[in-house]
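Secondary and tertiary structure notes
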Amino acid sequence: MATFTGAERARCVLLFHESATSIQCRFRTEYRRDPPSRPYIYSWHKNFVEIGCCVRHEESPGRPQVSDATVEHVRETFARSPKKSTRRAAVETGIPQKTVWRVLRRRLHLKPYRLTMVQHITDLFKAARGEFCAVMLVRMGEDETFLNSIIFSDESTFHISGKVNTHNCRIWGTQENPLNEFGAVQK
């Protein structure tokens, strides 16, 4: 779709007392390019008659800016409770959830860190793992096909008291690892 400058549109509107075909011919000779279509010429003239301008003044493209007060409100909300979800913060502040998320990520440069379940490793466990590695290396040296007889699977943990759901648990922070501040969840 061809675009036309405001001056080209104004020239077409000034020549509107002629037919649309003659406007197209004059446009082609004056500007040495393809002329606008008849509907374009008619819509420019209609805009000029109705609003006094042949150039369409549209709203600026894009989303409106989030105010600094809103950014500060979100910052205070997550400074008090960095474990809060964006949905909960949206309900408490009255700001849309997507806006809260955008402010956290784009304006405050915070990242959601996910808690992971880790096992507390003592010196006894470290020694046992070292012995296991030594035994495995010896067995792999004796039999090259030894690893083909082992099935590696994902680790799964079962709890008697119930399952800990870390899927929905996020901590918002700027550090490399904000879990140092809160401590790791241990099995």
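Here's a quick rundown of the structure. (Residues numbered from 1 in each chain as written. Predicted model: local features only at pLDDT ≥ 70, side-chain atom pairs only at ≥ 80, totals over all residues. Heavy atoms only, no water.)

Remarks on the pattern of salt bridges
- According to the stated counting rule, one finds three salt bridges in the structure shown.
- One salt bridge in this structure joins Arg-107 and Asp-68, with 3.0 Å as the shortest N-O distance. Of this pair, Arg-107 sits in helix 6 (residues 97-107) while Asp-68 sits in helix 4 (residues 68-80), placing them 39 residues apart in sequence.
- Here Lys-84 ties to Glu-92 by a salt bridge, and the two come within 2.6 Å at their closest N and O atoms. (Salt bridge = Lys/Arg side-chain N within 4 Å of Asp/Glu carboxyl O. Helix = DSSP H or I, 4+ residues; strand = E, 2+ residues; numbered from the N terminus.)

Details of helix 4
- With 13 residues, helix 4 should cover 18 Å at 1.5 Å per step; its first-to-last C-alpha distance of 18 Å lies within 8% of that length.
- Among the residues of helix 4, those classed as buried are Val-71, Val-74, Thr-77 and Phe-78. Buried residues of helix 4, seen end-on, are gathered within an arc of 125° and therefore sit on one face of the element. With respect to the buried face of helix 4, the exposed residues turned more than 90 degrees away are Asp-68, Ala-69, Ala-79 and Arg-80. (Expected span 1.5 Å × (residues − 1). Buried < 20%, exposed > 50% of the residue type's maximum accessible area, 1.4 Å probe, protein only. Arc of directions from axis to C-beta.)

Comments concerning unusual backbone geometry
- Its identity is not glycine, yet Arg-32 carries a phi of approximately 55°, on the positive side.
- As for its position among the elements, Arg-32 is in the loop between helix 2 (20-31) and helix 3 (38-51).
- A positive phi angle, close to 55°, is found at His-109, a residue other than glycine.
- Position of His-109 relative to the elements: it lies in the loop between helix 6 and strand 1 (111-114).
- Residue His-109 is classed as exposed on the basis of its relative accessible area, which comes to 55%.

Things to note about the nonpolar core
- Counting 12 residues, the largest nonpolar core is built from Val-71, Val-74, Phe-78, Ala-89, Ala-90, Ile-95, Val-100, Val-103, Leu-104, Leu-108, Leu-110 and Trp-172.
- Sorting the residues of this core by element identifies helix 4, helix 5 (86-93) and helix 6 as the ones contributing at least two each.
- The contact partners of Phe-78, leaving out residues within four places of it in the chain, are Lys-84, Ser-85, Thr-86, Ala-89, Val-100, Leu-104 and Trp-172.
- Counting eight residues, the second-largest nonpolar core is a separate cluster that includes Leu-15, Phe-27, Ile-41 and Trp-44. (Core = buried A, V, L, I, M, F, W, Y, C linked by side-chain atoms within 4.5 Å. Contact = heavy atoms within 4.5 Å.)

Details of the environment of Leu-104
- Within the fold, Leu-104 resides in helix 6.
- Linking Leu-104 and Val-74, residues 30 residues apart in sequence, is a C-alpha distance of 7.6 Å.
- What Leu-104 contacts, discounting residues up to four positions off in sequence, is Val-74, Phe-78, Thr-86, His-109, Leu-110 and Trp-172.

Structural notes on the side chain of Thr-86
- On the secondary structure map, Thr-86 appears in helix 5.
- A polar contact of 2.8 Å, which involves the side chain of Thr-86, links it to the side chain of Gln-97.
- Beyond its immediate sequence surroundings of up to four residues, Thr-86 is in contact with Phe-78, Gln-97, Val-100, Trp-101, Leu-104 and Trp-172. (Polar contact = N/O pair within 3.5 Å; in protein donor to acceptor, adjacent residues only side chain to side chain.)

Examining the packing of helix 4 against helix 6
- Between helix 4 and helix 6, the least distance of the axes is 10 Å, while the angle of their chain directions is 90°. As judged from the angle between their axes, helix 4 and helix 6 are roughly perpendicular. Across the interface between the two elements, Asp-68, Val-71, Val-74 and Phe-78 of helix 4 pack against Val-100, Val-103, Leu-104 and Arg-107 of helix 6.
- When its residues are assigned to classes, the contact of helix 4 with helix 6 shows six nonpolar, no polar and two charged. (Axes fitted to C-alpha atoms, helices over the stretch in contact; angles between N-to-C directions. Parallel < 35°, antiparallel > 145°, perpendicular 65-115°, else oblique. Nonpolar A, V, L, I, M, F, W, Y, C, P; charged D, E, K, R; others polar.)

Points about the packing of aromatic side chains
- Scanning the model with the defined rule gives two aromatic pairs in all.
- Ring centres of Phe-27 and Tyr-31 lie 4.7 Å apart, and the angle between their planes is 45°; on these two criteria the pair is classed as tilted. One end of the pair is Phe-27 and the other is Tyr-31, both in helix 2 and four residues apart, which spans about a single turn.
- For Phe-27, a relative accessible area of 3% corresponds to the buried category.
- Residue classification places Tyr-31 among the partly exposed residues on the basis of a relative accessible area of 29%.
- Both rings, one in Tyr-40 and one in Trp-44, keep their centres 5.8 Å apart while their planes meet at 20°; by these two values the pair is stacked. Linking Tyr-40 with Trp-44, this pair stays in helix 3, spanning four residues, or about one helical turn.
- Classification of Tyr-40 as partly exposed rests on a relative accessible area of 26%.
- Taking the ring centre of Trp-101 as reference, the NZ or CZ of Lys-98 above it sits at 5.2 Å. (Phe/Tyr/Trp six-rings, centres within 6.5 Å; stacked < 30°, edge-to-face > 60°. Lys NZ or Arg CZ within 6 Å of the ring centre and 35° of its normal.)

Read these as layout, nothing more, since geometry by itself doesn't imply function.
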